[in-house]
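This is what each chain is made of:
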Amino acid sequence: MASGKCNDLVGDTDFIEWQEEEKQFKIPPRGLNIVMGNNHHYWKLFKSENGSEVAKLIQVCWLEVAGCVENARPGTKYQVGFRVAVKPNATGWDECTAIIVAKLGEGGKMIPIGIDLSQYYDKGLVDIPAEPLVVDVPQQASPSERKISFGLYEIKQGNWKRGLEVHYAFVREIGTV
């Protein structure tokens, strides 16, 4: 699963799970691409109290957590986001804006939403962004237009960031187009 050439955690699609009750794709850390995710100086994978795997940010200057789901259903609206916790000892988030982006297909337009992660210090598990990031899959979508790509980024500030836990990403059905 890990690339032999770098320290990145390369997402394995075998970990992506469709949850029928929630009507969502759940993408745990091992289903995501996490820059420097295989380097224990920067990220640590651990099991939470409920047994699910969590990616804990030790420290990075360049935050990049991305993934995708294939085969989104045509004629469906999806909300894209992440379930995270910003721990009480988190630092580096006060003066920067993280961005969550999503796009449909290879040539799709990026849909960005800026997010201030410092507002979530010590708030427990939260779904971000608070404002829904919605991707519409047209009824006549070709197979290549049924791929939803997404990511959580903070790459401009250049300061050290700590204390973020990524529990999973989600791509959730919220209606029809």
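Criteria and thresholds
Residues numbered from 1 in each chain as written. Predicted model: local features only at pLDDT ≥ 70, side-chain atom pairs only at ≥ 80, totals over all residues. Heavy atoms only, no water. Buried < 20%, exposed > 50% of the residue type's maximum accessible area, 1.4 Å probe, protein only. Helix = DSSP H or I, 4+ residues; strand = E, 2+ residues; numbered from the N terminus. Pairing = 2+ DSSP bridges. Core = buried A, V, L, I, M, F, W, Y, C linked by side-chain atoms within 4.5 Å.

As annotated in an unreviewed UniProt entry, the protein is Phloem protein 2-like from Dillenia turbinata.

Peer 1: Could you give me a rundown of the pairing of strand S5 (residues 53-57), with the residues and numbers involved?
Peer 2: With respect to burial, S5 is a largely interior element, four of its five residues being buried. Pairing of strand S4 (residues 43-47) with S5 involves five bridges; the strand directions are antiparallel. Counted as the bridge partner of Trp-43 is Leu-57 from S5.

Peer 1: Describe the sheet that holds strand S3 (residues 33-34), with residues and values.
Peer 2: Across the sheet, five strands lie side by side as S3-S6-S11-S8-S9; this open sheet has antiparallel pairing. Across the chains shown, the open sheet's two edge strands, defined by having one partner strand only, are S3 and strand S9 (111-115). Note that strand S8 (residues 98-104) and strand S11 (residues 148-154) share six bridges and pair antiparallel. Note on S11: the bridge partner recorded for Lys-103 is Ser-149.

Peer 1: Which residues make up the nonpolar core, and what values go with them?
Peer 2: Residues Phe-82, Ile-128 and Ile-148 are the most contacted members of the largest nonpolar core, which totals 42 residues. At six residues, strand S7 (residues 76-91) tops the list of elements feeding residues into this core.

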